[in-house]
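A structural walkthrough
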Amino acid sequence: MSVTDQAFVTLATNDIYCQGALVLGQSLRRHRLTRKLVVLITPQVSSLLRVILSKVFDEVIEVNLIDSADYIHLAFLKRPELGLTLTKLHCWTLTHYSKCVFLDADTLVLSNVDELFDRGEFSAAPDPGWPDCFNSGVFVFQPSLHTHKLLLQHAMEHGSFDGADQGLLNSFFRNWSTTDIHKHLPFIYNLSSNTMYTYSPAFKQFGSSAKVVHFLGSMKPWNYKYNPQSGSVLEQGSASSSQHQAAFLHLWWTIYQNNVLPLYKSVQAGEARASPGHTLCLSDVGVPCADSASGVEEPCENSTPSAGVPCANSPLGSNQPEQAQGLLEPTQIVDETLSLPEGRRSEDVDLAVSVSQISIEEKMKELSPEEERRKWEEGRIDYMGKDAFARIQEKLDRFLQ
Ligand SMILES: O=c1ccn([C@@H]2O[C@H](COP(=O)(O)OP(=O)(O)O[C@H]3O[C@H](CO)[C@@H](O)[C@H](O)[C@H]3O)[C@@H](O)[C@H]2O)c(=O)[nH]1
Ligand SMILES: [Mn+2]
């Protein structure tokens, strides 16, 4: 049964977080998707990634603070640090849906979670760091312009105690922890991938029923590298993961390889057109031969689990090398080069895919003076970086000397 006035919603403000959104979208599609899939993006997302997102999501919606009411825009200029927070709040403007489930782009769905739509606003799971607060990576909400306005007003008047959306939402929905237990989502709907360290017996007891994993914190799955041949996730620097975390990371990368990379390949095949000025750098590619051009595979729950990437629960405790191998689709690794025609550059993301290693890296790109100026005019200002007041003052000082 498909319900068209309800949706799963995520957010990606740059090409890197888009990689997470794509894996999340594909993970939802693998488990009998009955709701619409929506991604909110900001102007920074490149046209190439917009095309790819549109293959997975029913709606790719650009949101922009400039579109907000004038007083919000003006107030925002005094509170630039709230930028990203206010962007997440845009989900309340999706009033063509009666109810939605928001999922961070760094979450991964392990089984069908339609029952979340039985909950009301505002439902969320406890934050592992302070369980009287909810974690804002997974929540049930009801779009409403009125609520959106109240949230923005609250942000402008009170700010956020953690400088981000989680603090703001917790102070706005401040009765969450005491009023209605039905609004406390079980932890299995927002299992932080690093909690297994802190209470491993509980994880052993309940972890197999996990439905949504959340890679919260600074190390995201896309910060690791992946070896598609051995199916191993390569740790970066000082990062080390527990056995269970490694299994979830492995699942993320398996979906990335099998269900996301083929989308890039179909763009190369000319199915989609990215605007000039964007190139995707894929070299010595070993992209699996996906049967479906869209890279969207048969829903996991309808197929034999042994044939595909694991259904819910199976990544748990399964990072033994031979089992890890078994988690991979029986795909061929083909040795061919996937590169887009000259003149197409992906603004923010550099994918390096070889037979033995896949990595996603942020690309530092020098902008031309015209591009810089356009960014300013569109209100895309790097307040903390090169557009910071100190930098501008330095320039003025140099000019005046
Ligand atoms: O540059 C960014 C950063 C974040 N996001 C989006 O915002 C979400 C939240 O950011 P994330 O990096 O996932 O934060 P967490 O590590 O999960 O940290 C916590 O703190 C955040 C700020 O309060 C909350 O939004 C999270 O839900 C909460 O889990 C992401 O998943 C994306 O959907 C972007 O699109 N671009
Ligand atoms: Mn998150």
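Parameters and conventions
Residues numbered from 1 in each chain as written. Chains lettered and ligands numbered in written order. Predicted model: local features only at pLDDT ≥ 70, side-chain atom pairs only at ≥ 80, totals over all residues. Heavy atoms only, no water. UniProt positions renumbered as here; feature names shortened; annotations may be inferred. Patch = residues over 30% accessible without salt bridge, like charges linked within 9 Å, V, L, I, M, F, W, Y side chains within 5 Å. Areas by Shrake-Rupley, 256 points an atom, 1.4 Å probe, with all protein chains shown as cover. Salt bridge = Lys/Arg side-chain N within 4 Å of Asp/Glu carboxyl O. Helix = DSSP H or I, 4+ residues; strand = E, 2+ residues; numbered from the N terminus. Near = heavy atom within 4 Å. Polar contact = N/O pair within 3.5 Å; in protein donor to acceptor, adjacent residues only side chain to side chain. Nonpolar A, V, L, I, M, F, W, Y, C, P; charged D, E, K, R; others polar. Phe/Tyr/Trp six-rings, centres within 6.5 Å; stacked < 30°, edge-to-face > 60°. Buried < 20%, exposed > 50% of the residue type's maximum accessible area, 1.4 Å probe, protein only. Lys NZ or Arg CZ within 6 Å of the ring centre and 35° of its normal. Axes fitted to C-alpha atoms, helices over the stretch in contact; angles between N-to-C directions. Parallel < 35°, antiparallel > 145°, perpendicular 65-115°, else oblique. Contact = heavy atoms within 4.5 Å.

- Per an unreviewed UniProt entry, the protein chain is named glycogenin glucosyltransferase, and its organism is Pongo abelii.
- The UniProt entry for the protein chain carries the following text under Cofactor (unreviewed entry): "Mn(2+)".

**Some details on a nonpolar patch on the surface**
- Residues Trp376, Ile392, Leu396, Phe399 and Leu400 make up a contiguous nonpolar surface patch of roughly 570 Å² in combined accessible area.
- In terms of residue count, helix α11 (residues 389-400) provides more of the nonpolar patch than any other element does, 4 residues in total.

**As for the site of ligand 1**
- Ligand 1 sits among 21 residues. The nearest are Leu11, Thr13, Tyr17, Asp165 and Gly217.
- Separating an oxygen atom of ligand 1 from a side-chain N or O atom of Lys88 is a distance of 2.9 Å.
- Contact with the protein chains removes 83% of the 640 Å² of surface that ligand 1 exposes when unbound.
- Residue assignment for the shell around ligand 1 shows that the elements contributing at least two residues are β1 (6-12), α4 (83-89), β7 (134-141) and α6 (165-172).
- Class assignment of the residues belonging to the shell around ligand 1 gives a composition of 7 nonpolar, 8 polar and 6 charged.

**Looking at the packing of aromatic side chains**
- Per the counting criterion, the structure on display carries 18 aromatic pairs.
- An angle of 45° between the planes, with centres 4.7 Å apart, marks the rings of Phe122 and Phe134 as tilted. Taken together, the residues Phe122 in the loop between β5 (107-109) and β6 (123-126) and Phe134 in strand β7 connect sequence positions 12 residues apart. Across this residue pair, the class does not change: Phe122 and Phe134 are buried.
- Here the aromatic cluster, defined as three or more aromatic residues joined through ring pairs, consists of Trp92, Phe102, Phe122, Phe134, Phe139, Phe141, Phe172, Phe173 and Trp176.
- Positioned over the ring face of Phe117 is Arg35, at 4.4 Å from the centre of the ring.

**Description of unusual backbone geometry**
- Cis geometry is adopted by the peptide bond preceding Phe122, which originates at Glu121 and carries an omega value of 0°.
- A positive phi angle, near 50°, is found at Arg32, a position not held by glycine.
- Looking at the secondary structure, you find Arg32 in the loop between α1 (15-29) and β2 (36-41).

**Regarding the packing of α1 against helix α8 (residues 243-268)**
- Contact pair α1 / α8: the axes reach a minimum separation of 9 Å and the direction vectors enclose 100°. One finds that α1 runs roughly perpendicular with respect to α8. Contact residues: Gln19, Gly20, Leu22, Val23, Gln26 and Ser27 in α1; Trp252, Ile255, Tyr256, Asn259, Val260, Leu263 and Tyr264 in α8.
- Looking at the contact of α1 with α8, its residues break down into 8 nonpolar, 5 polar and no charged.

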